[in-house]
Amino acid sequence: MQLSTAPTVGRRRRGNPDSQGLLGVLGVCATLLQLCAGCPSECVCNSLEANCSGRSLISVPALTSLPEGTHTLFLANNRLSSLPVMAFANMSTLESLDLSNNYLDNLPSRLFRELSNLSDLSLRNNSLTVLDRELFRGLTQLRRLDLSLNGLATVPLGLLDELQGLTWLSLAGNRLHALERATFEPLVNLQHLELGMNPWECDCNLRDFKHWMEWLIYREWQHSGKVCLSCALYYTGGYVDAVECTLPKDLRGRDIRGVPVEMFNYCLQLEDENGGGAGSTKGGSPPCFRGTATPSSEGAVVRTEAELPDCVKQRYRPVSVRRAIGTVVIAGVVCGIVCIMMVAAAAYGCIYASLMAKYQRELKKRQPLMGDAEAEGDQEEKQISSVA
């Protein structure tokens, strides 16, 4: 019995490693087959990334078949002109989405509403002319947004309200003439802002945004923890590229951040004439909110000035230019009078010193003459006494 049992046991022991290795190979093959089966034919996928770029796609492939846990999706360099509302449904794990270099001209409201973990979104180099104010709702984790090289003429109020974590934003290469300060105030963590290559009109409609940009740069310096003036030389702060004016002609080519606030004197006069800024600026509306810049899509609610109590904040408003000029004139007159008095006193002192020096020299010249006269008198007295 022992002789017959031992070989049987040996065979069983030799069979276990082979079966385990076979199961391992089958598991790897099954995993590979699952990955291949879970990737659209137009894309190349791995466990974290799906690359569908440069495929001349005119429609979005079936993204529901992407591998679970996909973090990055590339759809750049295609021919996409529109996207369905549910194009990115059930893709909550997505963190990076690249839609650059397509022909997108209109995006549905809240297209990205299910991408709650999205941190990087690129819509660069498309044909976008308008943006729905609900488009970015729900993207609370977004850190980087690229809207450059489109045809945007306005950025509607409310578009960026939920993007408080945004640190990088590009609006370069659009058709922007002016921006509302209230649109950008929710971006409390913004560090990098690109606004170049836009036809900026440096008038009353851009005045408040100018002050917001200056506040943004100052805020970054303040948060750095530096307290001395010399320390600021070693800290760059938040980056805002040049906002070069195209209009008016006398400011063409100048960066609006370098334009003195006195250039906006006529804006203050218009506000005074129209009850504190109620609508004589360009477009017939206050500088911080233009009623003519209506939101771009259907169902968008136009906010009135009453609904935006913090839109015009006194800490960003420049002081009255007329008062400033009056103060400068008065200070100049007082300083001029003081300077004239100081010059007169200095001249008087110099003249007095010169006269006193001349008097002293004359006095010294007279002393030897007086000594000679006394000597001659003594000699005459001696001669008279000798004769006597």
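Since the model is a prediction, treat every value here as computed from it, not as a measurement. (Residues numbered from 1 in each chain as written. Predicted model: local features only at pLDDT ≥ 70, side-chain atom pairs only at ≥ 80, totals over all residues. Heavy atoms only, no water.)

1. What about the sheet that holds strand 10 (residues 239–240)?
Sheet architecture is open: nine strands sit in the order 1-2-3-4-5-6-7-8-10, paired in mixed fashion. Looking at which strands have only one partner, the edges of the open sheet turn out to be strand 1 (44–45) and strand 10. Here two bridges tie strand 8 (residues 192–194) to strand 10, and the two strands are oriented parallel to one another. Note on strand 10: the bridge partner recorded for His192 is Tyr239. (Pairing = 2+ DSSP bridges. Helix = DSSP H or I, 4+ residues; strand = E, 2+ residues; numbered from the N terminus.)

2. Describing the state of the cysteines
With the rule as written, the count across this model stands at three disulfides. Between the sulfur atoms of Cys39 and its disulfide mate Cys45 the distance is 2.0 Å. Negative torsions about the S-S bond denote left-handed disulfides, and the value of about 70° found for Cys39 with Cys45 makes this one right-handed. Look at Cys39 and you get buried, because its relative accessible area is 14%. Between the sulfur of Cys43 and that of Cys52 lies a disulfide, 1.9 Å long from S to S. (Disulfide = S-S within 2.5 Å. Buried < 20%, exposed > 50% of the residue type's maximum accessible area, 1.4 Å probe, protein only.)

3. A short note on unusual backbone geometry
For the bond from Leu247 to Pro248, the omega torsion is -10°, close enough to zero to count as cis. With respect to the helices, strands and loops of the structure, Pro248 is situated in the loop between strand 11 (245–247) and helix 4 (265–273). Residue Asn77 is not a glycine yet carries a positive backbone phi of 55°.

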